[in-house]
Structures are given as structure tokens and as C-alpha cells.
Amino acid sequence: MSDNIRIINDATCTFCGCVCDDMHLTVDLDAHKITKAENACVLGRAWFKEHGIDEKRPFALIEGREASTEEAIEASAQILANARFPLIYGLSDTTCEAQRQAVAIADMIGANLDTTTSVCHGPSGMAFEGVGESTATLGEIRNRADLLVFWGGNPAESHPRLFTRYTVTAKGMYVPNGRKDRTVVLVDVRRSPSAAVADIFVQVKPQRDFEVLWALRALVKGKRVDPNIEQVTGVPLATLEDLAQRMKNCRFGALLFGMGLTMTRGRHFNSGALLALATDLNEYTHFVAKPVRGHGNVTGADNVVSWQTGFPFGVNLGRGYPRFNPGEFTSADLLGRGEADAALIIAADPGANFSHAAIEHLKRIPVIVLDPKLTHTGKLARVAITTATYGISVPGTVYRMDDVAISLRTALPSPYPSDEEVLTRIKERVRELLGGNRVPAMGAA
Amino acid sequence: MPETMTLIGGRSSRQGTSLCAGKFEAEYIEVSSTVEMNAEDMARLGLKDGDPVRLRSASGEVSVRCKGRTTKDLPPGLLFIAYGPLSSRLMASDTAGSGMPISKHIEVTVEPVSG
């Protein structure tokens, strides 16, 4: 370690949706590395350790050839200005300021705009629109919840500090003894490492979450449920009756749900059933439900896209006004059907995470990628631009999974531009090429 | 004889930490190409930890290494794999109008890879 050390207090980790803002970082400015991340979980420690400045990365690649950022911005603007059906996708690992610029480009060129939410809690977003959300901040849950029900998720491995900072072991104003004051339930199809913290583990047969949730709704309302529910769901009726009573009798309950609900049969109906259960329980006590979000600013993407277009993801601006239609304008579908004639991907890796049919289509069209690291999408892209890492080298705003906005504090200067800077310059150049918006505003001649 | 099982994709601690180091590094490749399987299912198929198996879905097929888990942790007939390019290769692009492909309940056939 060199003598050129800097300590950054209260920095923010953007690895997952917990967005913990109590990191104390030790930065070796000569080695361009973060050598210690106090308070970080195992994922946060890896995040900070592995995001030092790698000056060996080219500023950009155009068709595999090294290029300057300026050349890559010009090539990107030409692709987007000439596309008939461009897709803009990703955005969950960048700042709200960069997200705004991406929406502005989408508006200008009449693009299809989608975020990684569509393959995360997109179905929950659809359920919010249909059912509503009984919500709370993580601070309220930390300070008040005496019953925690984790459903279809494994926070011990995906969001470790959700347990220690906000829920299970955290001491709060009305739960001063922390873990001792809370009952913890885990519902899942397998006994994941999260089961170790649970007082009650409820093992559900795969694809039977909806039936369990609907049975709980009936029991909460005092309706009879057929004991045959155990054959259908794998959960004995007595277990469900006990859980329903605990939910009704707690002082403040929280349902924290994961993608075990959204990525299986039923999808938005599963999330909707859970949200409806939370609403039902408010007849008896205070109960809230929160989706546990994956990426550091995926919640920010929902917010920015919502406040600028009126919809959270899967938005098409091709007619000059926003249309929302999951299944039609969501990227997994759109690319899987071989649609879109160009793609701008920001801080996401559909080249690794999408279906084979979707990836094959990405290989056929000009793809522009902004990412600090080399990804599978970067390898297939026509233009790959290296950008600085948000929260480490780029300041800005992100949203925690409970929609609380948090400001980022930087630790390491980077020679690479931010996503916001690159997107702003692409936007300005596209505007020059098009002479304004491609699609006239409604009512314009 | 190949057997039909249900594959669940998900996150794991090592998948998360190795992801930060890079998707083309050895650890991430190893983590995302290992499937966890019920130990009794493995014994019936003549498999031991580290053996290669072929998983085939309606959308594609991949070869991965298997690792045994007890029935208490992973019921018979269920498989778990950390998200990555291989889990995606088995996923269909249809979303039933939701935007979300089924990635936590993929029907696959499991077959030991000989040699």
C-alpha cells in the first residue's frame, strides 16, 4: 500500500438494491484501488475491490478496432439517427442523471425504451398498476416490523445487509431487541441459505405460490380452506392457518418478495396476490409489501422512466407519445421476435442474460454498449464505449429499493467519461443529424 | 436414461462476487456452469460431485458440472444453477405477454455425459 491514501466516509455501495450508504472506504490513490470497504457485505467488498481503475481498457471499440470516445459517439449517433426501430435498454446500473439522458434520446428518435426491470420485477410493476401497493420505507420496516415474511427470494446471498441493516437483526425504535423482537418467516421452493435466519420455513411446491397466497387470503378473511391444499401446494393447512393468524396478530408486518414470484408461472398474478394479501391484512393490523430489487439503481430507472413517460418500463415512443405494453414493447419479447434494427444498451448485459433467439438478433443489428467492464454484449457490439463506474468514479443520484433517493460520493477519479456525459453528447449529435425530433409531437403539422 | 427435472436459476454469493471480477474470469465461468442437484437423484443417475451432465430444454442444451445437495436443502427433481450465459441458453424468449421469460422453472432433461 502506498502513502497516498484517502479515506472516504459514508460512501454508497451500488451493487444491489439495498444501496447501503454507510461505507467507509480506504482508497490507494497511487494504485487506483479501493483497498478496504468497512461495513460492506461480501458482495459490497467484491464490488469495491474489483472496480479499481483499469487503464488497460480501451476508451472505445468500433467493430473491434480501438477508437476514441469521440469517434464512438459519432458512430453511435449515426446508428441511432438512421435506425427505424431503435431499442434503448438497460439503465439499472447507472445514475438517474444518465437515465434522464437516455429517455431524452428515446423521445427524440422515437425509440422503444425498456429497462432491466422488465426481466426483474416488471411483473410486480404490472401488479402495482392493477392492485396497488401498501408500502413503507426500509427505515419504517427496520423500526417497526415485528413480523417479516420473505417470499421467493434468498437475501442471505443476494442482499446480505437487508437482514442486518434493515430487517432481521437490526434494532429499531419499536423493536429495541432486534432479532428477539421479530418473527421471521421464509417461503420458498428450496431451503436456501436464507432459511438459517427464519423461525418458520414454509416449503412450497414449485409454481404453487399463487395457490398458497390465495389460501392465505381466504384464511385471513375467516373463510374455510380445503385440507387438500397440502396436496396442491405441499404446505399443510395447519401451517397456513398458523401463518394467517401470525399475520393478523402482529403489530407491523412486512412481506418482502423476490423473483421466485415474478419469474415463474403466474408472474404478475403472483405479485398481485401477495400485494392483495398485504392490503387485506390492513383490515386487522399494519402490513406492507416491498419487492426486493436487484441492481443498484433499477428503482431509479423505474422512477425516471415513469416521471418522464408515465410508465415504468416497456415504453414505445415510436408514435411521438408513450405507449406501455409488456409483451410487445419489452426487450425479451421484442428481440426474441427479431424486431428492432439497432440497440443502445446502457449498463446491462442482454448478450448473456437473454434467450438464444434474442441474442442471435442482437448479433444481426448494430449494437452500442456503454459499460465499465467487458461484457458478452460488449463482445457482440458494433460500438462499445468504456464508461466510469457509478458510485465509485461518478457522482449522482440513485434510488434505494424503497424509492428513497441517495446521493453518491466518489472515491476514485477515472479517465473514462460517465454514462451521462456520453449519452448527453450522443443526444446532441443525434439532434444535429436529425434537425430535431424524428417523430413530430402530437398535433404538429 | 435422461430424466426430466425442473431447473431454477438464481443468485448466489459466489456468483455475485465473481461477477464483480469479470464474466470472463475462471471463477465466474465455474460458478455459472455448476448445477446443484439432489444427492439421491445424482446417485440414481450414477453421478458424483464434479461430473459433467447435459441439460436440455425446449430452447437449447448445455453441459455443466453437477454438485450434490441433501434432500432437506434441495428436493428431488429440482436443480439450481447460478444465473449466467448457460442458464440463459435454456430459457425460452416467450413471456406470455408479461415481458418476463420463465427463468426459475425450466423443464430440462438431465443426462450424464460419458467419457
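Look up: the structure comes first, before these words.
These numbers come from a predicted model, not from an experiment.

A. The overall build of chain B, seen in detail. Along its length, chain B carries 4 helices and 6 strands. Taken from the N to the C terminus, the helices and strands of chain B come in the order β-α-α-β-α-β-β-β-α-β. Projected onto the principal axes, the alpha-carbon positions of chain B cover approximately 35 × 35 × 30 Å. The buried share of chain B, reckoned over its 115 residues, is 47%. Residue pairs at least 24 apart in sequence account for 71% of intrachain contacts in chain B once pairs closer than 6 positions are excluded.

B. Local environment of the sheet that holds strand β2 (residues 34–38) of chain B. Residue and element names in this part refer to chain B. The strand order around the closed barrel built from 6 strands is β1-β5-β2-β4-β3-β6, with neighbouring strands paired in mixed fashion. Each strand of the sheet is rotated relative to its neighbour by a mean of 45 degrees, with strand direction disregarded. Of the strand pairs in this sheet, strand β1 (residues 3–10) and strand β6 (residues 106–112) are connected by 5 bridges, and their pairing is antiparallel. In the strand pairing of β6, L7 is matched with I106.

C. Quick look at the interface of chain A and chain B. Each partner contributes residues to the interface: chain A has 43 residues there, and chain B has 38 residues. If you list the elements that add at least two residues to the side of chain A that touches chain B, you get α1 (42–49), α4 (122–131), α6 (155–158), α11 (259–262), α14 (331–336), α15 (350–353) and α16 (356–364) of chain A. The greatest single-element share of the side of chain A that touches chain B, amounting to 4 residues, is contributed by α1(A). Its residues assigned to classes, the side of chain A that touches chain B shows 17 nonpolar, 18 polar and 8 charged.

D. Representation of the pairing of strand β6 (residues 86–90) of chain A in the model. Residues and elements named next belong to chain A. Among the 5 residues of β6, 5 are classified as buried, and the element is accordingly described as predominantly covered. In this structure, β6 lies alongside strand β15 (residues 342–346), joined through 5 bridges in parallel fashion. Of the residues in β15, the one forming a bridge with I88 is L344. Taken together, the 4 bridges between β6 and strand β7 (residues 112–115) define a ladder with parallel strand orientation. What sits directly across from L87, in β7, is N112. Taken together, β6, helix α3 (residues 96–109) and β7 constitute a β-α-β crossover, and its handedness is right-handed.

What counts as what
Residues numbered from 1 in each chain as written. Chains lettered and ligands numbered in written order. Predicted model: local features only at pLDDT ≥ 70, side-chain atom pairs only at ≥ 80, totals over all residues. Helix = DSSP H or I, 4+ residues; strand = E, 2+ residues; numbered from the N terminus. Buried ≥ 20, exposed ≤ 12 C-beta atoms within 10 Å, placed from the backbone. Contact = placed C-beta atoms within 7 Å. Pairing = 2+ DSSP bridges. Axes fitted to C-alpha atoms, helices over the stretch in contact; angles between N-to-C directions. Nonpolar A, V, L, I, M, F, W, Y, C, P; charged D, E, K, R; others polar. Right-handed = clockwise from strand over helix to strand, strands pointing away.

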